[in-house]
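# Descriptive structure summary
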Amino acid sequence: MTSQTATTNRSKLVVESSITDKKKARGKVKGTIIGPVIALVIFLSLWQSIPIVFDIKPFILPKPTDVLQAAMGDWHLLWPAIQITVTESIIGFVISAIVGIGISILLASSRILEVSLYPYAVILQTIPVVAIAPIIVIWFGSGFNSIVIISFLIGFFPVVSNTLMGLNSVDKNMGDLFTLYNASKWQTMWKLRIPAAMPYMMSGLKISCTLAIVGAITGEFIAGIGGGRGGLGYAITVAAVQLKTPYLFACAIAGAIFGIGFYLLVSSISRFMLKSWHESAMKVEK
Amino acid sequence: MGAIQKEVVSFKGVDKIYNTGTVALSQLDLSIQEGEFISFLGPSGCGKSTALRMVAGLGEATKGKVEVFGQNPKDLIRNSNDIAYVFQDSNLLPWRTVLDNVVLPLELRGSNKNTRKEIAMRVLEMVGLKDYLKSYPRQLSGGMKMRVSIARALAAKPKLLLMDEPFAALDEMTRQSLQMDLLDIWKKEHTTILFVTHNVYEAVYLSSKIAVMSARPGRLASLIDVDLSYPRDRVNSAFTEYVDLASRSLEHSLNRKELV
């Protein structure tokens, strides 16, 4: 009888401790979510109250509610603009990924090519693409094509420099192993250098995806309407000219939300790609 | 006996001087016979790894000649699977599973897919890792990784197995069990093994012959025939004598260096 109560007591204890553990875990999650939420609420209320307190006109500094109102009121304009910018950035990004990785592999497979061309790749990277954007408009006409090309050009170099660095970072012993088994140049490329470069490639793509959006919006500033309808960059220029500041804010925030979303998407793709193989991506497990 | 045995590796007056001017090896003469288990024993910087790399065709002698089966090692690795190399760290490709790592040598040589898997299964069974085919290297312990690395070296059925301090980074228990397994493999596969180590006990436990090296410049200090039957008893007095002998000639080579 007594022993029975003892065991039930013990099991109760175990249950209780597991509950407190769960509570603790939940508390931790709550803490990490609640903090930023509170900060956001404080920020929004400050933003909301400052224009009221100092009597600032909405075309100088709109309140959050003005921005929300503008976004909902002009949603029929905003939504197509978002769609256009998203399309341009994604196409620009995909092209910079494919061309960037392709060119890197080509450069890395020939020592002569790499030595003679890599310095120029570095120099080209430092050219502000915005500065040559008008030339691209002259060559490819204003609109969609030029914007995609500008987005591609901005996103392209991080992919090249990261991938090249990765392809050349192969462990010496692994290289020796491949030499020992008389691996051909292409075998070494496909079975050793490219897999070893994957983490570098992925971080290049993560940088490039946000830059592609910057490229698309900048492209729209310069190359204007894409395919007869304007993207976010175009909408921002128009809103600025017409002093529709709340709508301008709405456009900028929409661009930011897309940027975050796109970055998270590319990050999770990269984590998925590296999950099965790489230590660098697997730090969480240990 | 000498007439039947075949020479596997020969060093003839081998010098190795690096571009920096460091003399890694000086006047190395050594002949290694088929079926021997020879250890290069020496302090770090005595050029024992350099010698091993030359046998694998991964480095060239500045002067003199290294031959394996009477051929230049570089030609030999181009045309055959006769030489295998086990590196100090397991040197596995982290993005490949155990099975895929082991079949790599066969894959690079372009052998048939089905036979590849058969061979891989055989060698993985030999090192006791048949149940870890689908694991990734990061999921294995240091000892297990080294076992996979040895299996990979054996997969191509080499006649000469080169090992560069393969057990140096392992703990004592793991090292001893791997040493025993290695001796089993040596007996079963009839390979010749060149083993680099700085551990006297390891050299005496494993080798049929010990080449003691001295440092700076690296040269052969003495050659000891270990005349003990396998499996060896680590606490046996004969064993201890060999350990003393090897230690003394190692010390001797160090002292001589200090006098100079």
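Before any of the text, the structure's been laid out above.
## Things to note about the overall build of chain B
Along chain B, the regular secondary structure elements total eight helices and nine strands. Computed over the C-alpha atoms, the radius of gyration of chain B is 18 Å, within 12% of the 18 Å expected from 2.2 N^0.38 for a compact globule of 260 residues. By its C-alpha atoms, chain B is 55 × 45 × 40 Å across when sized along the principal axes. Per-residue burial for chain B yields a buried fraction of 55% across its 260 residues. Excluding contacts between residues fewer than 6 apart, the proportion of contacts in chain B whose partners are at least 24 apart in sequence is 69%. Roughly 11,800 Å² of accessible area belongs to chain B as shown, and the carbon and sulfur atoms make up 50% of that amount.

## Observations regarding the nonpolar core
Note that soluble globular proteins tend to have their nonpolar side chains buried in a common cluster. Counting residues in hydrophobic clusters, the biggest one holds 97 residues, and the most contacted among them are Val9(B), Phe11(B), Val55(B), Ile150(B), Leu160(B), Leu162(B) and Leu194(B). At eight residues, helix H5 (residues 142-155) of chain B tops the list of elements feeding residues into this core. When near neighbours in sequence (up to four residues on either side) are disregarded, Val55(B) contacts Val9(B), Phe11(B), Val66(B), Val68(B), Pro73(B), Ile83(B), Leu160(B), Leu162(B) and Leu194(B). If you look at the next biggest cluster of nonpolar residues, it comprises 28 residues, including Phe93(A), Ala197(A), Ala212(A) and Ile213(A).

## Considerations on the packing of helix H5 (residues 129-140) of chain A against helix H8 (residues 185-223) of chain A
Residues and elements named next belong to chain A. For the pair H5 and H8, interaxial distance at closest approach is 10 Å and the crossing angle is 55°. One finds that H5 runs oblique with respect to H8. Judged by the sense of rotation from one axis to the other, the crossing of H5 with H8 is right-handed. Residues Val130, Ala133, Pro134 and Val137 of H5 form the contact with H8, whose participating residues are Thr218, Ile222 and Ala223. Residue composition of the contact of H5 with H8, grouped by class: six nonpolar, one polar and no charged.

## Quick look at the sheet that holds strand E1 (residues 7-17) of chain B
All names here are of chain B. If you trace the three strands from one edge of the open sheet to the other, you get E2-E1-E4, paired in antiparallel fashion. Looking at which strands have only one partner, the edges of the open sheet turn out to be strand E2 (23-33) and strand E4 (63-68). Ignoring strand direction, the axes of neighbouring strands in this sheet form an average angle of 15°. Here five bridges tie E1 to E4, and the two strands are oriented antiparallel to one another. Note that in E4 the partner of Val9 across the bridge is Val68. Helix-sheet contacts for helix H1 (residues 48-55) involve E1, E2 and E4, and the interaxial angle to E1 is about 125°.

## Regarding empty space enclosed by the protein
Residue and element names in this part refer to chain B. Applying the stated criterion to the full structure yields two cavities of 30 Å³ or more. Size it by volume and the largest cavity reaches roughly 40 Å³. If you go around the largest cavity, the residues you meet are Val127, Arg147, Ile150, Leu178, Asp181, Leu182 and Ile185. Put simply, the parts of the chain that give the lining of the largest cavity at least two residues each are H5 and helix H6 (172-189). If one sorts the elements of the lining of the largest cavity by residue count, H6 sits on top with four residues.

## So, the pattern of salt bridges
Scanning the entire structure with this criterion turns up 17 salt bridges over all chains. One salt bridge in this structure joins Lys191(A) and Glu107(B), with 2.5 Å as the shortest N-O distance. With Lys191(A) in helix H8 and Glu107(B) in helix H3 (residues 98-108), this pair bridges two chains. When the shortest N-O distance is used, the salt bridge between Asp82(B) and Lys159(B) registers 3.7 Å. Placement of Asp82(B) in the loop between helix H2 (73-79) and strand E5 (83-86) and of Lys159(B) in the loop between H5 and strand E6 (160-164) is noted, with a sequence separation of 77 residues between them. Since its relative accessible area comes to 14%, Asp82(B) is described here as buried. The exposure class of Lys159(B) is partly exposed, given its relative accessible area of 46%. In this structure, a network of salt bridges that share partners links the residues Lys172(A), Asp176(A) and Arg53(B).

## Considerations on the interface of chain B and chain A
The interface is formed by 26 residues belonging to chain B together with 24 residues belonging to chain A. When chain B packs against chain A, close to 2,400 Å² is buried across both sides, 60% of that on carbon and sulfur atoms. Ranking the residues of chain B by area buried against chain A places Trp95(B), Leu108(B) and Arg138(B) at the top, with a combined share of 34%. Connecting chain B to chain A are two salt bridges. Across the pair Arg53(B) and Asp176(A) runs a salt bridge, and its minimum N-O distance is 2.8 Å. Across the chain B-chain A interface, the total number found is six residue pairs in polar contact (both at pLDDT 80 or more). When residues in the side of chain B that touches chain A are grouped by element, the largest group, four residues, is from H3(B).

Rules and cut-offs
- For every chain, the first residue of its written sequence is number 1, and the numbers climb from 1 along that sequence.
- Each chain takes a letter, starting from A, and each ligand takes a number, starting from 1, following the order in which they are written.
- With pLDDT at 70 or above as the cut-off, local features in this predicted model cover only qualifying residues; side-chain atom pairs require 80 or more to be listed or tallied, and sums for whole chains, interfaces and linings still use all residues.
- By convention in this description, side-chain values take in all heavy atoms of the structure and omit both hydrogens and water.
- Only runs of H or I of at least four residues qualify as helices and only runs of E of at least two qualify as strands under DSSP, and these elements are numbered from the N terminus.
- Our radius of gyration looks at C-alpha atoms and nothing else; its globule reference is 2.2 Å times the residue count to the power 0.38.
- Partly exposed residues are those whose accessible area sits between 20% and 50% of the maximum for their type, while under 20% is buried and over 50% is exposed, using a 1.4 Å probe and protein chains only.
- The contact rule is simple, with two residues in contact once any of their heavy atoms fall within 4.5 Å.
- Residue exposure ignores everything except the shown protein chains as possible cover, and the areas themselves are Shrake-Rupley values with a 1.4 Å probe.
- The nonpolar core is taken to be a set of buried Ala, Val, Leu, Ile, Met, Phe, Trp, Tyr and Cys residues, with the residues joined through side-chain atoms within 4.5 Å.
- Only the contacting stretch of a helix is used when fitting its axis, a line to C-alpha atoms as for every element, and angles between N-to-C directions run 0 to 180 degrees.
- In what follows, roughly perpendicular refers to angles from 65 to 115 degrees, roughly parallel to angles under 35, roughly antiparallel to angles over 145, and oblique to any angle outside these ranges.
- By convention, the crossing between two helices is left-handed when the near helix turns anticlockwise from the far helix through less than a right angle, and right-handed when the turn is clockwise.
- Classification convention: Asp, Glu, Lys, Arg as charged; Ala, Val, Leu, Ile, Met, Phe, Trp, Tyr, Cys, Pro as nonpolar; all other residues, Gly among them, as polar.
- Pairing between strands is defined by DSSP: at least two bridges between the two strands are required.
- Put plainly, a pocket is an open set of points on a 1 Å grid over the protein atoms alone with protein on both sides within 12 Å along at least five of seven lines, a cavity is a set where a 1.4 Å probe fits but cannot get out, and a lining residue has an atom within 4 Å of a point.
- Grid points are joined across faces, edges and corners, and a volume is the space filled by probe spheres set on the points.
- Within this document, salt bridges are pairs made up of a side-chain nitrogen of Lys or Arg and a carboxyl oxygen of Asp or Glu, the two lying within 4 Å of each other.
- Here the quantity called buried area is the total loss of accessible area, with a 1.4 Å probe, experienced by two parts when brought into contact, counted for both.
- What qualifies as a polar contact is a pair of N or O atoms within 3.5 Å, subject to a donor-acceptor requirement within protein and to the restriction that residues adjacent in sequence count only when both atoms come from side chains.

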